[in-house]
Amino acid sequence: MSIKDPRPRHIKIPAEGQKITVVDGRLVVPEQPILGYIEGDGIGPDITRACLRVWDAAVAKAYDGQRRIHWCECFLGEKAAGLYDGNYCPDETLYALKDLVVSIKGPLTTPVGGGFRSLNVALRQDLDLYACVRPVRHYAGVPSPLKRPDKVDVVLFRENTEDVYAGIEYKTGTPENEKIARFLRDEMKAKFFDGAGIGIKPISEFGSKRLVRKAIQYAIDNGRESVTLVHKGNIQKFTEGAFRNWGYAVAREEFGNVTLTEEQLYGEYKGKQPEGKIVIKDRIADIMFQMMLLRPDEFDVIATTNLNGDYLSDAIAAEVGGMGIAPGANIADHVAVFEATHGTAPKYANLNKVNPGSLLFSGVMMFEYMGWKEAADLITLAYPEVIKDGIVTYDFARQIDGATEVSTSQFADALIERIEGGIDLEAKRKALQDKLIKERKQREIRRLLQPLEEMLDTGHIPQTVGDLMTRTLITVADDETVEAAMHVMSDNSVSSVVVEPGSGGQWGILTRRDIVTKIVKGNRSPSNTKVGEICSRPVFSVQAETSIREAAAALAEHNFRRLTVSQGDRVIGIVTETDIFRAVEKFGWAGEVMA
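Conventions and cut-offs
- Residues numbered from 1 in each chain as written.
- Predicted model: local features only at pLDDT ≥ 70, side-chain atom pairs only at ≥ 80, totals over all residues.
- Heavy atoms only, no water.
- Helix = DSSP H or I, 4+ residues; strand = E, 2+ residues; numbered from the N terminus.
- Buried < 20%, exposed > 50% of the residue type's maximum accessible area, 1.4 Å probe, protein only.
- Contact = heavy atoms within 4.5 Å.
- Pairing = 2+ DSSP bridges.
- Axes fitted to C-alpha atoms, helices over the stretch in contact; angles between N-to-C directions.
- Left-handed = near helix turned anticlockwise from the far one by under 90°.
- Nonpolar A, V, L, I, M, F, W, Y, C, P; charged D, E, K, R; others polar.
- Phe/Tyr/Trp six-rings, centres within 6.5 Å; stacked < 30°, edge-to-face > 60°.

A. Expanded view of the environment of leucine 27. Within the fold, leucine 27 resides in strand β3 (residues 26-28). Accessibility expressed as a relative area gives 23% for leucine 27, which makes it partly exposed.

B. Quick look at helix α3 (residues 91-100). If you check which residues of α3 are buried, you get Glu92, Thr93, Leu94, Ala96, Leu97 and Leu100. In this fold, the buried residues of α3 make contact with β1 (18-19), β4 (33-38), β5 (70-73), β6 (102-105) and α4 (119-126). Positioned one or two residues after α3, valine 101 has a phi angle of 75 degrees, which is positive.

C. Molecular detail of the sheet that holds strand β20 (residues 496-499). Strand order in the open sheet formed by 3 strands is β19-β20-β21, with mixed pairing between adjacent strands. On the outer flanks of this sheet lie β19 (475-476) and β21 (508-511), each paired with one strand and no other. Sheet topology places β19 next to β20; 2 bridges connect them, and they run parallel. Opposite valine 476, over in β20, you have valine 499 as the bridge partner.

D. Main features of the packing of helix α18 (residues 482-492) against helix α19 (residues 512-520). As a packed pair, α18 and α19 sit with axes 11 Å apart at the nearest point and diverge in direction by 145 degrees. Relative to α19, the crossing made by α18 is left-handed. Taken together, the residues of α19 that come into contact with α18 (itself represented by Val482, Met486 and Met489) are Arg512, Ile515 and Ile519. In terms of residue class, the contact of α18 with α19 is built from 5 nonpolar, no polar and 1 charged.

E. The packing of aromatic side chains, seen in detail. Applying the stated rule across the entire model yields 11 aromatic pairs. Plain terms: the ring middles of phenylalanine 338 and tyrosine 369 are 5.7 Å apart, the flat faces sit at 65 degrees to each other, and that makes the pair edge-to-face. Note that phenylalanine 338 is positioned in strand β16 (residues 336-340) and tyrosine 369 in helix α11 (residues 357-370), a separation of 31 residues in sequence. The exposure class of tyrosine 369 is partly exposed, given its relative accessible area of 25%. Between tyrosine 383 and phenylalanine 411, the aromatic rings sit 5.8 Å apart at their centres with planes inclined by 70 degrees, giving edge-to-face as the arrangement. On the criterion of sequence distance, the pair formed by tyrosine 383 in helix α12 (residues 373-388) and phenylalanine 411 in helix α14 (residues 408-421) is long-range, its members being 28 residues apart.

The following block contains the structure:
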């Protein structure tokens with residue numbers, strides 16, 4: 001949507017300060033930036049007032065007064081309706097949020113009645129905020145149902161514009177529904193019950209790739225260890241499965257110098273992660289829910305589709321204290337709107353009672369996005385100290401023995417007192433870094449000592465031939481002697497080698513069986529026979545994204561024992577009957593689904 005500059009009515013851009021700009025694809029943040037904020041509805045004004053004070057205190061302390069935020073109030077929701085003749089989402093605000101680049105908002109209500117879009121959905125669509133970013137980590141002292149909540153530290157990137165949230169639905173009994181149903185049954189031979197509501201689930205290459213691209217870049221910029229693609233591709237092959245494949249393609253084509261797959265980690269590096277490399281993994285959605293309870297420290301950055309991300313982000317938040325302290329943001333290529341992720345809780349409005357944590361830590365995200373890490377760290381390091389002192393709002397007070405219940409504003413006072421009292425940032429950062437290095441080393445040792453068990457225990461299940469194939473190709477030249485090729489096989493303990501293209505430009509395979517049947521049985525000399533004379537050519541090749549079942553069908557149809565694996569026109573590996581047999585032996589098989 002193109003948002004035009006409307007006539008100014010109620011938003012007043014501060015005379016002091018400068019706007020954030022984007023130059024050569026990167027944010028340029030001045031020392032005194034103008035940031036937008038929206039109070040929100042219900043409890044929004046209470047938590048926003050408290051957080052503004054904490055954010056300002058952190059900036060003043062971190063930069064000794066050299067930096068300062070100039071806040072620009074913008075209007076959405078009920079406050080906007082009162083100012084803009086009933087318009088809950090005025091164009092003036094949309095333009096301001098885009099113009100200011102970075103902003104933050106409290107929770108918003110959607111008015112009751114037909115014809116109103118969710119304000120959050122409207123923001124995402126009108127500003128193309130395609131990435132919902134939700135960091136989830138535990139803060140010491142915060143009540144949690146887990147025995148080891150400190151192991152949870154992930155950043156989830158949820159695609160914001162597609163999937164079932166695209167809103168393409170047809171109500172049962174309507175002419176539109178009947179038309180779609182008739183087409184699906186008659187033309188596409190689909191089978192489903194009469195009277196079914198019908199929804200369309202679009203997932204595109206464009207939408208998937210830009211989301212995964214942002215997740216990988218985040219991992220690079222923040223020293224993260226891995227990016228996990230979460231999907232239901234074992235069932236929904238052409239939507240969720242495509243998301244997975246497009247994600248791997250982005251990693252390979254755009255970040256190939258800094259990424260490697262989990263198969264490469266185990267196969268080529270024996271579980272030892274190379275310095276400066278990010279591992280790209282993928283997990284089936286239902287398994288990922290289990291893993292975030294059983295082995296949460298195995299995961300770092302998560303990239304997933306819209307519905308999966310909705311479920312997963314809320315579930316993980318529940319592990320570390322709930323939605324009351326879960327931060328979030330909706331981000332386009334550069335424009336970012338940070339937000340409280342909970343609702344408006346109208347029964348607590350104006351009572352100065354609720355936990356400001358969700359909005360508070362969304363502000364921390366905002367500082368990190370701006371590159372103001374010192375201010376962000378002051379808040380994240382001071383917060384656990386206040387909790388440890390037992391100073392908490394009502395929601396935590398009822399779960400912590402001996403806690404002192406305070407109001408929203410009093411909690412902000414306690415946090416500001418801690419911030420202004422001084423925190424040894426370097427010492428605490430070093431302690432956190434030492435802990436991170438120790439945990440990564442422990443995971444690496446487990447991978448080195450018991451690779452298969454680690455793959456199974458962390459939910460890794462092969463889906464495609466790319467997951468099974470041997471990536472280190474052992475090749476021989478077309479004009480090499482068979483005798484020399486036999487030595488290569490023996491030295492590498494393999495039963496076949498890939499033959500490089502000859503004059504005809506075709507790849508081939510030379511196997512032990514070829515040598516037995518064409519050399520020994522044929523009474524030919526291996527020292528005088530060229531590889532190109534007896535190898536099998538052309539080879540049958542499949543793309544790395546080919547499912548294991550489809551590869552098995554190809555082997556059976558062509559009566560082959562092995563296939564080369566291609567990426568585009570380039571051969572990158574080989575997969576054999578034995579590889580598939582071992583996968584079934586290790587991981588099991590149930591019809592279409594490895595589970």
